[in-house]
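Descriptive structure summary
Single-letter residue listing:
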Amino acid sequence: MKIARRSAIESTSRRHQSWPLALFVLLMALAAGPALAKNAAPAATQTGIPLNASWKQKLYAFARGKLIHPAWGWSHSERDFRLASEIAARGGLAVDKDVLFAAAFTHDIGAIGEFEKDGVDHAVRSIEIAEPLLREMGFPVQKIPAVSEAILGHMHDKVPGRRNESVVLHDADTVDFLGNVGIARRLSVTGTSPDYAGGLAKIREFADKLPGRLVTATAKRMAAPRVMEMRRFLFQIKAETANGQLP
Ligand SMILES: [Fe+2]
Ligand SMILES: [Fe+2]
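Read on for an overview of the structure. None of these values were measured; they are calculated from a predicted model. (Residues numbered from 1 in each chain as written. Chains lettered and ligands numbered in written order. Predicted model: local features only at pLDDT ≥ 70, side-chain atom pairs only at ≥ 80, totals over all residues.)

This part is about the packing of helix α3 (residues 74-91) against helix α7 (residues 164-175). Remark: α3 packs on α7, axes separated minimally by 8 Å, with the N-to-C direction vectors making an angle of 120°. It follows that α3 is oblique to α7 by the angle criterion. The two elements α3 and α7 meet at a crossing, and its hand is right-handed. Judged by residue contacts, D80, L83, A84, I87 and A88 of α3 engage N164, V168, L169, D171, A172, D173 and V175 from α7. (Axes fitted to C-alpha atoms, helices over the stretch in contact; angles between N-to-C directions. Helix = DSSP H or I, 4+ residues; strand = E, 2+ residues; numbered from the N terminus. Parallel < 35°, antiparallel > 145°, perpendicular 65-115°, else oblique. Left-handed = near helix turned anticlockwise from the far one by under 90°. Contact = placed C-beta atoms within 7 Å.)

Rendered as structure tokens:
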């Protein structure tokens, strides 16, 4: 009887001794909670594009980490995807959103610093990098040819491929060269030039030529107010620089 009581007391005492440890573990778990949540893959991109597949989360993380450029970095990819989706929706064009997402987030890789290759067109270089990268990330392999086609013809001076995804990416990429965002992008790449005159000349050239290179009626309608903004900007900057005599 005595032994049984002593054993019960010892057991209670052991339970009491383990309390500080349990409390410590609980506090550590609570402290780690926000850090774990912070490291979890986001459910959507910065502008709300759903990251509803593991390969999309991986590709977006890659873009945010590696595609750092004011004119053709990850934010341009994000705008291209949204513009291309809008052009497709308004024009009644059926598109595969997986292909569009993959192409939007890889089409300019070959124009970014460490990925560039001398003498190789940036679209061709992007395909060289995108194909193995997408495969490694678990992107559906049967859709890779459609992604490569969209990348190859994405520039405004190229003829896009026949697939709808290629057409809408080409027009989205061209529209993103227009308007206020087009002006900001162009001036952001004047880099170490002594002035921005070259940038202004490019803005004028884009306002004149790019609308005529658009394929879809929807993108042409989207381009019109953007071109007006560019002309207004060019007019105003001339007025603010002694009729363009000052740099
Ligand atoms: Fe490009
Ligand atoms: Fe682009």
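This brings us to α7. Relative to the 16 Å expected for 12 residues at 1.5 Å per residue, α7 spans 16 Å between its end C-alpha atoms, a close match to the ideal helical length. The buried fraction of α7 is high, at 12 of 12 residues. In this fold, the buried residues of α7 make contact with α3, α4 (97-104), α6 (144-152) and α10 (217-239). (Expected span 1.5 Å × (residues − 1). Buried ≥ 20, exposed ≤ 12 C-beta atoms within 10 Å, placed from the backbone.)

The element α6 is extensively covered by neighbouring structure, given that seven of its nine residues are classed as buried. For α6, the set of buried residues is A146, V147, S148, E149, A150, I151 and L152. Those residues of α6 that are buried lie in contact with α4, α5 (122-137) and α7.

For the rest of this paragraph, the subject is the packing of α4 against α6. The geometry of α4 relative to α6 is characterised by a closest axis approach of 9 Å and an angle of 50° between their N-to-C directions. Here α6 runs oblique to α4, going by the angle between their axes. The two elements α4 and α6 cross, and the hand of that crossing is right-handed. From α4, V99, A102 and A103 reach across to α6, where they touch A146, V147, A150 and I151. Residues of the contact of α4 with α6, tallied by class, amount to seven nonpolar, no polar and no charged. (Nonpolar A, V, L, I, M, F, W, Y, C, P; charged D, E, K, R; others polar.)

What follows concerns the environment of L234. One can find L234 in helix α10. It is 9.5 Å that separates the C-alpha atoms of L234 and A201, two residues lying 33 residues apart in sequence. Contact partners of L234, with chain neighbours within four places excluded, come to L200, I203 and R204.

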